[in-house]
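# Results of the structural survey
For reference, the chains in residue letters:
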Amino acid sequence: MSDETPRAGVLAASPSELGTMRQAGLILEKFGVAHEIRIMSSSRNPDLVDEYARTAFERGLKVIICSTGMSGHLAAAVAARTILPVIGVPIATSPLMLGYEALAITAQMPTGVPVATVGVDAAVNAAVLAAQIVGIGDDEVQAALWRFKDDLAEGLKL
């Protein structure tokens, strides 16, 4: 990550979800999107989450990606307190809990509190979506996205 002002926030609700969410950081780097990665829990420290979400816009963020376990609390708490797009990444929390519960919860946010939702453990797709949002106003990110799409069309891997 560069010294630029972050334009994307990546939040993991717990240390156990950080590995999945770091994948988003790697993809954002590939597209040249400055970002920050943090661990914060809306259950354990709601004031921190509230402050983060409320100040995200003025700090220059354009989008926030949140891990969402079975409760979906983090994405919901952030989406309720910001005008920025929030992308939820449902997490498979154990071999018995395959993430489908988190997927359903994340996709069913209350009216007026939207959270864009990607597939289970799909932090890479969340990062691509975040880059597309940032790329609306950034020619360099747009160019990186076009190269990425061309590579996909040719069957090249990330």
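Residues numbered from 1 in each chain as written. Predicted model: local features only at pLDDT ≥ 70, side-chain atom pairs only at ≥ 80, totals over all residues. Heavy atoms only, no water.

This part takes up unusual backbone geometry. The phi dihedral of D121 is positive, around 60 degrees, even though this residue is not glycine. Turning to its location among the elements, D121 is positioned in the loop between β5 (116-117) and α5 (123-135). (Helix = DSSP H or I, 4+ residues; strand = E, 2+ residues; numbered from the N terminus.)

Let us look at the packing of aromatic side chains. Evaluation of the coordinates by the stated rule reveals one aromatic pair. Centre to centre, the rings of F31 and F148 are 5.2 Å apart; their planes meet at 90 degrees, and the pair counts as edge-to-face. Of this pair, F31 sits in the loop between α1 (15-30) and β2 (35-39) while F148 is found in helix α6 (residues 139-153), placing the two residues 117 residues apart along the sequence. Residue classification places F148 among the buried residues on the basis of a relative accessible area of 8%. The ring of Y52 has R59 lying over it, and the distance from NZ or CZ to the ring centre is 4.6 Å. (Phe/Tyr/Trp six-rings, centres within 6.5 Å; stacked < 30°, edge-to-face > 60°. Buried < 20%, exposed > 50% of the residue type's maximum accessible area, 1.4 Å probe, protein only. Lys NZ or Arg CZ within 6 Å of the ring centre and 35° of its normal.)

Moving on, we get to the nonpolar core. M21, L28, F31, V33, I65, I87 and V89 are the most contacted members of the largest nonpolar core, which has 28 residues in total. Breaking this core down by element, the ones donating at least two residues are β1 (8-12), α1, β3 (63-68), β4 (86-90), α5 and α6. Top element by residues in this core is α5. It accounts for seven residues. I87 has contacts with V63, I64, I65, C66, V115, A116, V118, A126, L129, A130 and I133, leaving out every residue within four places of it along the chain. Listed in part, the 19 residues of the second largest apolar core include A53, A56, V86 and V113. (Core = buried A, V, L, I, M, F, W, Y, C linked by side-chain atoms within 4.5 Å. Contact = heavy atoms within 4.5 Å.)

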